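Chain by chain, the residues:
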Amino acid sequence: MSPEPKQQKPGGRVVGLDVARGALMAYVIIVIHGVFWLGLLPQPWSTVLLFEMPPIFVITGAAFFYAERGKPLTFGSYAMFIARRFLRILAPYWAYALAAVAIVLAFGISHDPAAALMSWLNPGTRGSGHTFLMLSWHLWFVPPFLAVTALLPFLSRIPAPKLPLPVWAAIGAGVVLAATALDPTHYDWQTIAFYALWAVFGIGLVAAPGRYGLADYALMLALSFAAMAVLVFLLPDATLNMQANKFPPNVMFFAFSCAWMAVLLIVSKVLTDETVEKFAASPLLKPFIASGYSLYLWQGVGYTAAAYVGRAQGWSPWIIWPIAIALTVVLGLMASPLERLKIPRSKSFQTAGGRSGIQGS
């Protein structure tokens, strides 16, 4: 992701953000859930790959800034912003939820249609007690994404002082520690606070492009490794297994995320506009750019179907994996028109537009 709007298109779209968003969706669906859902690589070594969510929220914040900068915030505009954004998040989710309900009822996983329907339609419970294989494993993402989306108009108005990256990281670590200390058992609030931090960072990157350079990111990378080493030394229960640190995200996962974010931002600095445009035009990446949210949702069915059939036949996970990806892409593209639903803009309320951080337009 390049913070500079070199490839910006009409309507606040930035090609670099589109490419980064699509690449992250492809990475989650193909790599992360192939590795962790099908056990393609052993833990804890594979958990070094778990860097994908903070960049998604950085992109969410950056995309919001490009689309919304200069727009006034009123009660009416905020209400319309919520209606428009939540429609594009929840309509695809509810369609997926209905399909999941049909599956669990058809396979006899649930014998209470009303309870299954209520559990699945609520993103907070996301099928709890009425799920099957991987149908709901990825849906933890929806509630914090809704919450951070609702906060974006306010987060974007936080003054962004020109802080050195280590100072920003220290403030972020303090917020994570405070969220954990205030309510150590409440997963959702910790997760929302954690990912809201990364959305603010994304807003700050694009609000002042060029603020940080390669040297800043290199320093951040070194300090992040040092922080992880100190945490391992000081905390008796500290672990480098990032799967254990991610749910809910703790200060070790924050340091780990800072290290990966530094790497990704270094890469973004050296990518040329021509390379970014080539990625944007790639037929392999286009489905993930245009319909990434739908593909993200429907991977639950894609992986579940492939695993259910493949395991019954004794297939290797390495055979199940490409079948799961293919099913995910087909189902996600079929469902993708739902993520492009729009509430017509009202002339009396000039409201938020553009894209959310994960959805296609």
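Structure: see above.
Just so it is clear, the model here is predicted, and its values are computed rather than measured. Here the residue index of a chain counts from 1 through its sequence in written order. Residues qualify for local features only when their pLDDT is at least 70, as the model is predicted, and side-chain atom pairs are given and counted only at 80 or more; totals for whole chains, interfaces and linings, by contrast, use all residues. Computation of side-chain values: all heavy atoms of the structure, hydrogens and water removed.

(A) Highlighting the nonpolar core. With 104 residues, the main nonpolar core has Trp 120, Tyr 195, Trp 198, Phe 201 and Phe 254 as its most contacted residues. The greatest single-element share of this core, amounting to 14 residues, is contributed by helix α1 (residues 15-37). Residues are treated as being in contact if the distance between any of their heavy atoms lies within 4.5 Å. Each residue touching Phe 254, except ones within four places of it in the same chain, is listed here: Trp 168, Ala 169, Gly 172, Ala 173, Val 176, Phe 194, Leu 197 and Trp 198. To qualify as a nonpolar core, a set must consist of buried Ala, Val, Leu, Ile, Met, Phe, Trp, Tyr and Cys residues joined through side-chain atoms within 4.5 Å. Partly exposed residues are those whose accessible area sits between 20% and 50% of the maximum for their type, while under 20% is buried and over 50% is exposed, using a 1.4 Å probe and protein chains only. Secondary structure is summarised from DSSP: a helix means a run of H or I of at least four residues, a strand means a run of E of at least two, and numbering begins at the N terminus for each.

(B) Region of interest: the packing of aromatic side chains. Here is the rule: rings of Phe, Tyr and Trp (six-membered ring for Trp) pair when centre to centre is within 6.5 Å. Planes less than 30 degrees apart are stacked, more than 60 are edge-to-face, and the remainder are tilted. For the structure shown, the criterion picks out 33 aromatic pairs. When the ring of Trp 198 is compared with that of Phe 201, the centres are 6.0 Å apart and the planes differ by 85 degrees; the resulting orientation is edge-to-face. On the criterion of helical spacing, the pair formed by Trp 198 and Phe 201 is a turn pair, its members being 3 residues apart in helix α7 (residues 187-207). Per residue, the accessibility class of Trp 198 equals that of Phe 201, and both read buried.

(C) Helix α14 (residues 317-335), seen in detail. For a helix, the expected span equals 1.5 Å multiplied by the number of residues minus one. In a regular helix each residue adds 1.5 Å, so 19 residues correspond to 27 Å; α14 covers 26 Å between its end C-alpha atoms and thus fits that length. Considered for burial, the residues of α14 that qualify are Ile 320, Ala 324, Ile 325, Thr 328, Val 329, Gly 332 and Ala 335. Buried residues in α14, looked at end-on, bunch into an arc of 165 degrees, giving them a common side. On its buried face, α14 sits against α1, α12 (286-290) and α13 (292-312). Residue Ser 316 occupies the N-cap position of α14, its side-chain oxygen lying 3.0 Å from the main-chain nitrogen of Trp 318. The directions considered for the arc are those from the helix axis to the C-beta atoms. Here a polar contact means two N or O atoms within 3.5 Å. Within protein one must be a hydrogen donor candidate and the other an acceptor candidate, and residues neighboring in sequence count only if both atoms are side-chain atoms.

(D) Local environment of unusual backbone geometry. Here the amide bond leading from Gln 43 into Pro 44 is cis, since omega sits at 5 degrees, within 30 degrees of zero. Turning to its location among the elements, Pro 44 is positioned in the loop between α1 and α2 (53-68). A cis amide bond links Phe 247 with the next residue in sequence, Pro 248, at an omega value of -5 degrees. In the Ramachandran plot, Arg 126 falls in the positive-phi region, its phi being about 40 degrees despite a non-glycine side chain. Its place among the elements puts Arg 126 in the loop between α4 (113-121) and α5 (142-155). The phi angle at Leu 133 is positive, at roughly 45 degrees, despite the residue not being glycine. Of note, Leu 133 is situated in the loop between α4 and α5.

These figures capture arrangement, not role.
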